[in-house]
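One-letter residues, chain by chain:
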Amino acid sequence: KICARRTGVGADGVIFLEDSITADFKMNYINADGHAVSMCGNGLRAISTFALNDLKLTNANGEFCIETNAGLFIAHIQKDKSIAVEMNHNTEENAHSSGDVFQNKDCIGSYYINTGVPHCVYELSSQRALEELDVEKVGRRIRYDSLFENGVNSNFYFVKNLEEPQIVMRTYER
């Protein structure tokens, strides 16, 4: 109820910092629908920033070890106090390719990446194709495809400038 857009604060979920016997602390992420999520990359950065700046937690080696439902992750505290997270992942190039789940003439590559949360990542051939893509409709179809028992996030991107790469991305979260 707290995450409800109209009657609550309007959020994707709530993150709790909890004690851990195996790490500096545990991140417990509850999605807006009330279900626990195994992991969230941005959530790791947010909870680490909270631990550093608000709770004043420190670690002699300049990092936090964080327990999640997907295992342990390391968050590095940068000199400017920003947070960089080591993402554990398994990647399969061309897994669930455009011919399998996402059929689009502008899709030039695909990956399945599991960083603790599964993602299907699709590279598109142009920024126009990315802008015109109905991410909610296509992302929902991929999310509920029978290949993904617990759903999957869908990321669609275009590399804007090959000389100085800039990635433009749109995402559908499960």
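Here, the structure is the one placed above.
Residues numbered from 1 in each chain as written. Predicted model: local features only at pLDDT ≥ 70, side-chain atom pairs only at ≥ 80, totals over all residues. Heavy atoms only, no water.

1. Focus on the overall build of the chain
Thought 1: From N to C terminus, the chain includes three helices and eleven strands.
Thought 2: Counting from the amino terminus, helix and strand elements in the chain follow one another as β-β-β-α-β-β-β-β-β-β-α-α-β-β.
Thought 3: Judged by the C-alpha coordinates and their principal axes, the chain covers about 50 × 40 × 30 Å.
Thought 4: If you take every contact in the chain between residues at least 6 apart in sequence, the share linking residues at least 24 apart comes to 43%.
Thought 5: For the chain, the accessible surface area stands at approximately 10,700 Å², while carbon and sulfur atoms represent 46% of it.
Thought 6: The average position of the 17 basic charges and that of the 24 acidic charges among the side chains of the chain differ by 7 Å. (Helix = DSSP H or I, 4+ residues; strand = E, 2+ residues; numbered from the N terminus. Contact = heavy atoms within 4.5 Å. Areas by Shrake-Rupley, 256 points an atom, 1.4 Å probe, with all protein chains shown as cover. Lys, Arg positive; Asp, Glu negative; His and termini not counted. Charge placed at Lys NZ, Arg CZ, Asp CG, Glu CD.)

2. Considering the packing of aromatic side chains
Thought 1: Inspection of every chain in the model, using the stated rule, returns three aromatic pairs.
Thought 2: Consider the rings of Tyr112 and Phe148, whose centres lie 6.2 Å apart with planes at 10°: the pair is stacked. A residue pair is termed long-range when its members are at least 10 positions apart, and Tyr112 in strand β8 (residues 107-114) and Phe148 in the loop between α3 (135-143) and β10 (153-159) qualify at 36 residues.
Thought 3: Exposure remark for Tyr112: the relative accessible area of 15% places this residue in the buried category.
Thought 4: Here Phe148 falls in the buried class, since its relative accessible area comes to 8%.
Thought 5: Stacked on the ring of Tyr144, the Lys or Arg Arg143 has its end atom at 4.2 Å from the ring centre. (Phe/Tyr/Trp six-rings, centres within 6.5 Å; stacked < 30°, edge-to-face > 60°. Buried < 20%, exposed > 50% of the residue type's maximum accessible area, 1.4 Å probe, protein only. Lys NZ or Arg CZ within 6 Å of the ring centre and 35° of its normal.)

3. Side note on α3
Thought 1: Among the residues of α3, Val135, Val138, Gly139, Ile142 and Arg143 are the ones counted as buried. Along the axis of α3, the buried positions cluster into a sector of 135°, meaning they face one direction only.
Thought 2: Against β9 (118-124), β10 and β11 (167-172) lie the buried residues of α3. (Arc of directions from axis to C-beta.)

4. Notes on the layout of surface pockets
Thought 1: If you add up the space inside the largest pocket, you get close to 1,100 Å³.
Thought 2: Around the largest pocket, the lining comprises 37 residues; the ones closest to its centre are Cys40, Val117, His119, Asn153 and Glu173.
Thought 3: At the level of secondary structure, the elements contributing two or more residues to the lining of the largest pocket comprise β2 (25-31), β3 (36-37), α1 (41-53), β8, β9, β10 and β11.
Thought 4: A per-element tally of the lining of the largest pocket places β11 first, with four residues.
Thought 5: Residue classes in the lining of the largest pocket are distributed as 20 nonpolar, ten polar and seven charged. (1 Å grid on protein atoms, 1.4 Å probe; cavity = no way out; pocket = protein on both sides within 12 Å on 5 of 7 lines; lining within 4 Å. Points joined across faces, edges and corners; volume = space filled by probe spheres on them. Nonpolar A, V, L, I, M, F, W, Y, C, P; charged D, E, K, R; others polar.)

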